[in-house]
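Residue strings, one per chain:
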Amino acid sequence: MRKWRCLVALWVGFGLAGFSYAAGPHSSFSLGLEVGTWKPTALSSERPLEPAVLPGTRALVGLGLGAALREDLDLVVSAEYWEQYRLPQACAAARVRIVPAGVCFRHRFAEDSWFSPFADYGLLVMFGYEKVRSVHRWRKGNGYGASLGAGMAISLGRSLTIVLRGGYVYARFGRPLGQTDDYSGTTFSLWTLIGL
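First things first, this report covers the structure right here in the doc. Predicted model only: the values in this text are computed from it and were never measured.

### A look at the packing of aromatic side chains
- This structure, assessed with the given rule, holds six aromatic pairs.
- Seen in terms of ring centroids, W82 and Y183 are 6.0 Å apart; in terms of plane orientation they differ by 65 degrees. Their pairing is edge-to-face. In this pair, W82 is assigned in strand β3 (residues 73-84) and Y183 in the loop between β8 (180-182) and β9 (185-195), connecting sequence segments 101 residues apart.
- Summarising the aromatic geometry, the rings of F105 and Y121 are spaced 6.0 Å apart at their centres and angled 35 degrees between planes, so their arrangement reads as tilted. Taken as a pair, F105 in strand β4 (residues 93-108) and Y121 in strand β5 (residues 115-132) lie far apart in primary sequence, 16 residues in all.

### Points about the environment of G141
- With respect to the helices and strands, G141 occurs in strand β6 (residues 137-155).
- Among the residues examined, G141 registers a relative accessible area of 7% and is labelled buried.
- Here the alpha-carbon distance between G141 and P176, two residues 35 residues apart in the chain, equals 8.0 Å.
- In contact with G141, not counting residues within four places along its chain, are M126, F127, G128, F173, R175 and L177.

What counts, and where the lines are drawn
Residues numbered from 1 in each chain as written. Predicted model: local features only at pLDDT ≥ 70, side-chain atom pairs only at ≥ 80, totals over all residues. Heavy atoms only, no water. Phe/Tyr/Trp six-rings, centres within 6.5 Å; stacked < 30°, edge-to-face > 60°. Helix = DSSP H or I, 4+ residues; strand = E, 2+ residues; numbered from the N terminus. Buried < 20%, exposed > 50% of the residue type's maximum accessible area, 1.4 Å probe, protein only. Contact = heavy atoms within 4.5 Å.

So this is what it looks like as structure tokens:
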């Protein structure tokens, strides 16, 4: 539990450091909630561009903090959660949980519009856990990743924005978690952002 507190403190600290850098006349901050899908290609290569949750997995959920660095550039610090709760009986793991946390830069193409397409890229740290069937205990496995995506942000007023995003996540672990060590695949998500 102590490690989780340290990780959350570091995550928030890096986010606040990015926000303090953005201080200025054009700075704005936002808090966001995400729901979406993550489709690792190693688990299912069928219809990778279909935004549906894979059978045996839960929806991707996340929390993010954002700050405007310039009129056309945002810094987003986020953490997400994804779980595969149904694995084949032959697999040593009964469950896999992955928590990606990272920093992303989002380039907006229409700064002063209620409708703004964007492109983003970022780096991720992956915290993975698998529940081993034979001993009913959780084992850890850490990894790294990168994300590349695009989407559109729709402003619904001064403080509410809806973001639709699609992208690709490169996600590798030092050892297999569940069925694979490669959880790279497509993501689709809906963010609700509240301006602070």
